[in-house]
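Secondary and tertiary structure notes
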2 protein chains.
Amino acid sequence: MDEIFVAKGDEISPKDYVVAEYYIESNLPLLKAGIEIAKEESIGTWTKVYTLTESAKRLAGKVFKVDEEVRKVWVAFPVELFDIEYGGVSNILSIVAGNLFGLSKLENVRLLDIHIPEKICKKFPGPRFGIENIRKLIGTNREKRPHIGTIIKPKVGLNPDETAKVAYEVAIGGIDFIKDDETLVNQKFCPLEERVSKVMEALDKAREETGRQVLYAVNVSASTPYTLIELVDQALENGANMLMIDAVVTGIPMLQMLAEDPMINVPIHVHRAMHAAFTRNKRHGIRMVVLAKLIRLAGGDQLHVGTAGIGKMEADVRETLDARDALLKDINGIRKTFPVASGGLHPGLIPSLLKVFGVDAVFQFGGGCHGHPDGPRAGALAIRQAIEACMRGISLKEYAETHPELRKALETWSS
Amino acid sequence: MDEIFVAKGDEISPKDYVVAEYYIESNLPLLKAGIEIAKEESIGTWTKVYTLTESAKRLAGKVFKVDEEVRKVWVAFPVELFDIEYGGVSNILSIVAGNLFGLSKLENVRLLDIHIPEKICKKFPGPRFGIENIRKLIGTNREKRPHIGTIIKPKVGLNPDETAKVAYEVAIGGIDFIKDDETLVNQKFCPLEERVSKVMEALDKAREETGRQVLYAVNVSASTPYTLIELVDQALENGANMLMIDAVVTGIPMLQMLAEDPMINVPIHVHRAMHAAFTRNKRHGIRMVVLAKLIRLAGGDQLHVGTAGIGKMEADVRETLDARDALLKDINGIRKTFPVASGGLHPGLIPSLLKVFGVDAVFQFGGGCHGHPDGPRAGALAIRQAIEACMRGISLKEYAETHPELRKALETWSS
């Protein structure tokens, strides 16, 4: 009865199927291994069942392409198999990225990419702001350049006053966007309400002096949807102009709830702590591009995609760029998500970052801003100067001759 | 300044620290690699920062034990570092299982286990029912035996009437517990409301005939907390006596929301689709035991832990048993979670399952029930008979001589 799990390529219309692309290592022939996935994740079971009906046959997953050379298999899951109305990302993942990872017949299996048809896409909110509207908030919608962000450092340990002081310094220095560290929520040493109130006051003061509005993404990643909403309310009541959620550890449904909430009229920055537990291994798990597509659909306005190997985090250039492309390419009119590069970055890396990412990106600096010998303001200035130099086609070295903050930054961080 | 990230073992009181145990592959000396984790996941950053304060030093993670032979490192994170009130599981994971997986200085890193101190544990609900109260519902609190469950098969494709018919058959046959497949939510071919109403009617009818109440875990894994609550309401209004959530793909916060809801007075069955994307690799990712502890804290009454290599799913006996133990051992008075073994099981495997799991477990059968030559009722009977034989110390072979359903099952599935 395995034939119901196989189809020819031209029988699979991309309008009617979710298509998942897998890399597989198995002692089984590749087609057979693909059938195991198609079966397990649709109607299947491991033994002949007597309850098999016509409708079950219609819902069967179908292997429609196999590439022996690269050990890839393409499986099409009929749209009807999905709970489009209620299931969302959790239902999609339970099918394309569910039990299959544990099947003993497969030694390793990696979900490389997914195609989600319009019928399903249109049930998702997508980003409320997206790149274009965040550019309007920052004022870069005409002269396009990458946005520059910072995480306050040390990651945790500062109190609200200290946090606000650092925020003020980097805002004056020229940063576009500040975010909480992903581990900081509402700890006693830095309560969220007081932190937001003081940081926003500092940013308002900076705006009066510079004319520029800096965004502050407040981390509301919480224990339950109720505590999350409580933190969102506290953040918004105290003037927060951006929210941040750590969508892998909270679950993507929490992000989608925020994106669909008509009372939340600020962009949502998405961190991805824990992703590398399943995205890093090249032979098993899930490729970042899949997570990127789902987080864009669910409404992330900004998403970390890695640094393409530039900085402290592990990354494959191709993996980063594919994730980036998933945020930028046209998908059924859904707004674009700003790709964020973060992790061990400093001003000297900006030319490489620009070459890889182009202008539609956020470059985010932690230690590479606050660790500047003359402090966070000088660090922010140095980053801004490096961006300016690149946008004008001047080498950092040359620009540094007339910009002491950049010069010191280049002296401090050599690679 | 690395010395602030190191401590002696006797300086670490388990009352005041979350302790994480990691396996690490890195070119760095092991202590140094451990410090990278301690730093990244507490106050750290990759370069000297000028904003380092006394309070930050107090919050530093500490490497306090290293075992070169097995490449293990133990890191203690001070309780104060955590947002106990609001952060919950997402905050814990963002620290002990966050960015560290992507650090380029570490080639592979696996979170092997965590210790969570009482101060944090007591903020979690834990299971509302737990093993003892589920036993009361089923009527096995005196004569303890494993519970037996089934997933309706085919996994998806049956309509509500067909589902109810199968449910009735297995209930009459002697199954304790039925669950939806993890990919079935509220699809058009089997709407949740109608499905629950018809299945509960069938189970009520079976109860009138047998005197036994069968539990039915309805899958409410949904796109957002709002759609989830909508499905929960539909399920409960139609008589559901158990709920099911797929806690990895929805996020554990959705489970905790259910467990804390005073209006939900039924046990919660937890599926774990996608877990093997990060639990399976022995060198990288997260061990199942960690997930098991967090899901128990967050309120799962039943949780899949694998089959210890018995059946179709990949598993290491030690991994399964450690996850099982995490559900059963005494943790600050939190109720015990029923471990569930599921995946490719059939009656002939019950003696092995009992030997590995003991009586405090749920054995769950899909094809190994419904694929019985004489249908689902005979399949359920065969499973029940195999349990009876084992509880009386009679071999399956001998018991099969007087129990034709078991005999046919043993003939059908040989290993």
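Being a predicted model, the structure only gives us computed values, none of them experimental.

**What to know about the overall build of chain A**
- Tallying secondary structure elements over chain A gives 18 helices and 13 strands in all.
- Overall size of chain A, expressed as C-alpha extent along the three principal axes, is 75 × 45 × 35 Å.
- Relative to its full complement of 415 residues, chain A shows a buried share of 67%.
- For chain A, the accessible area works out to roughly 14100 Å², and carbon and sulfur atoms hold 48% of it.
- Averaging the coordinates of the 52 positive side-chain charges in chain A and doing the same for the 55 negative ones gives two points 3 Å apart.

**Observations regarding unusual backbone geometry**
- The backbone phi angle of A:Arg71 is positive, close to 60°, even though this residue is not glycine.
- Following the sequence through the fold, A:Arg71 ends up in the loop between β2 (62-67) and β3 (72-78).

**A look at the interface of chain A and chain B**
- With 98 residues of chain A at the interface, the matching set in chain B holds 98 residues.
- Note on chain A versus chain B: buried area summed over both sides is about 7800 Å², and carbon and sulfur give 58% of it.
- If you look at where chain A meets chain B, you find zero salt bridges.
- Summed over the shared surface of chain A and chain B, the number is 26 residue pairs in polar contact (both at pLDDT 80 or more).
- Classifying every residue of the side of chain A that touches chain B by side-chain character gives 41 nonpolar, 40 polar and 17 charged.

**Structural notes on the domain arrangement of chain A**
Residues and elements named next belong to chain A.
- Domain assignment breaks chain A into domain 1 (2-121) and domain 2 (130-413).
- Each of domain 1 and domain 2 has a C-alpha centre, and these two points are 36 Å apart.
- Taken together, both faces of the contact between domain 1 and domain 2 bury some 1700 Å²; the carbon and sulfur share is 59%.
- Where domain 1 meets domain 2, there are three salt bridges.
- When the shortest N-O distance is used, the salt bridge between lysine 293 and aspartate 113 registers 2.8 Å.
- Scanning the region where domain 1 abuts domain 2 turns up 11 residue pairs in polar contact (both at pLDDT 80 or more).
- Broken down by secondary-structure element, the contributors of at least two residues to the side of domain 1 that touches domain 2 are β1 (17-26), α3 (88-96), β4 (106-115) and α4 (118-121).
- Top element by residues in the side of domain 1 that touches domain 2 is β4. It accounts for seven residues.

**Brief notes about the environment of B:Leu291**
All names here are of chain B.
- Relative to the elements of secondary structure, leucine 291 occurs in helix α12 (residues 288-298).
- Of the residues examined, leucine 291 reaches a relative accessible area of 8% and is grouped as buried.
- Separated by 118 residues in sequence, leucine 291 and alanine 409 place their C-alpha atoms 34 Å apart.
- In contact with leucine 291, not counting residues within four places along its chain, are Val248, Ile252, His275 and Phe278.

**Focus on the sheet that holds β1(A)**
All names here are of chain A.
- Reading across the sheet, the five strands line up as β2-β3-β1-β4-β10 and stay open at both edges, with mixed pairing between neighbours. For this open sheet the edge positions go to β2 and β10 (285-286), each flanked by a neighbour on one side alone.
- Pairing analysis gives five bridges linking β2 to β3, with the strands arranged antiparallel. Each residue of the ladder has a partner; that of valine 66, found in β3, is valine 73.
- Along the sheet face, α3 touches β1, β3 and β4 and points at about 40° away from the line of β1.

**Observations concerning the relation of the copies chain A and chain B**
- Structural alignment of chain A on chain B gives an RMSD of 0.0 Å, achieved by rotating through 180° and translating 0.0 Å along the axis. One copy is carried onto the other by what is essentially a two-fold rotation axis. The position closest to the rotation axis in chain A is occupied by the C-alpha of A:Gly251, lying 1.9 Å away.
- Comparing contact sets, 100% of the residues at the interface of chain A also lie at the interface in chain B, consistent with an isologous, same-surface contact.

**Remarks on the nonpolar core**
- Grouped together as the largest cluster of nonpolar side chains are 262 residues, with contacts concentrated most on A:Tyr22, A:Val96, B:Tyr22 and B:Val96.
- Those residues in contact with B:Val96 that sit more than four places away from it in its chain are B:Val18, B:Ala20, B:Tyr22, B:Phe77, B:Leu111 and B:Ile114.

**Quick look at the state of the cysteines**
- Taken as a whole and judged by the stated rule, the model has zero disulfides over all chains.
- Here B:Cys390 stays unpaired: no disulfide links it, and the sulfur of B:Cys369, its closest cysteine neighbor, is 17 Å away.

**A few points about the pattern of salt bridges**
- Tallied over the entire structure, the rule returns 48 salt bridges over all chains.
- With its nearest N and O atoms 4.0 Å apart, the salt bridge here joins A:Glu411 to A:Arg407. Placement of the pair is A:Glu411 and A:Arg407 together in helix α18 (residues 404-412), with a separation of four residues, close to one helical turn.
- For A:Arg407, a relative accessible area of 37% gives the class partly exposed.
- For B:Arg135, the salt bridge identified is with B:Asp360, shortest N-O distance 2.9 Å. Residue B:Arg135 is found in helix α5 (residues 130-138), and its partner B:Asp360 is found in the loop between α14 (350-357) and β13 (362-365); the two are separated by 225 residues along the sequence.

**Concerning the sheet that holds strand β7 (residues 215-219) of chain B**
Residue and element names in this part refer to chain B.
- An order of β5-β6-β7-β8-β9-β11-β12-β13 is seen for the eight strands of this closed barrel, with the pairing classed as parallel. Averaged over all neighbouring strand pairs, the angle between strand axes comes to 25°, with direction disregarded.
- Here strand β12 (residues 338-342) runs beside β13; their pairing, made up of three bridges, is parallel. Along β13, the bridge assignment pairs alanine 341 with phenylalanine 363.
- Together, β5 (147-151), β7, β8 (242-246), β11 (302-304) and β12 form the strand contacts of α5, whose direction differs from that of β12 by roughly 70°.

Rules used in this analysis
- Residues numbered from 1 in each chain as written.
- Chains lettered and ligands numbered in written order.
- Predicted model: local features only at pLDDT ≥ 70, side-chain atom pairs only at ≥ 80, totals over all residues.
- Heavy atoms only, no water.
- Helix = DSSP H or I, 4+ residues; strand = E, 2+ residues; numbered from the N terminus.
- Buried < 20%, exposed > 50% of the residue type's maximum accessible area, 1.4 Å probe, protein only.
- Areas by Shrake-Rupley, 256 points an atom, 1.4 Å probe, with all protein chains shown as cover.
- Lys, Arg positive; Asp, Glu negative; His and termini not counted.
- Charge placed at Lys NZ, Arg CZ, Asp CG, Glu CD.
- Contact = heavy atoms within 4.5 Å.
- Buried area = accessible area lost by both parts, 1.4 Å probe.
- Salt bridge = Lys/Arg side-chain N within 4 Å of Asp/Glu carboxyl O.
- Polar contact = N/O pair within 3.5 Å; in protein donor to acceptor, adjacent residues only side chain to side chain.
- Nonpolar A, V, L, I, M, F, W, Y, C, P; charged D, E, K, R; others polar.
- Domains from an automatic or database assignment.
- Pairing = 2+ DSSP bridges.
- Axes fitted to C-alpha atoms, helices over the stretch in contact; angles between N-to-C directions.
- Least-squares fit on C-alpha atoms with pLDDT ≥ 70 in both.
- Core = buried A, V, L, I, M, F, W, Y, C linked by side-chain atoms within 4.5 Å.
- Disulfide = S-S within 2.5 Å.

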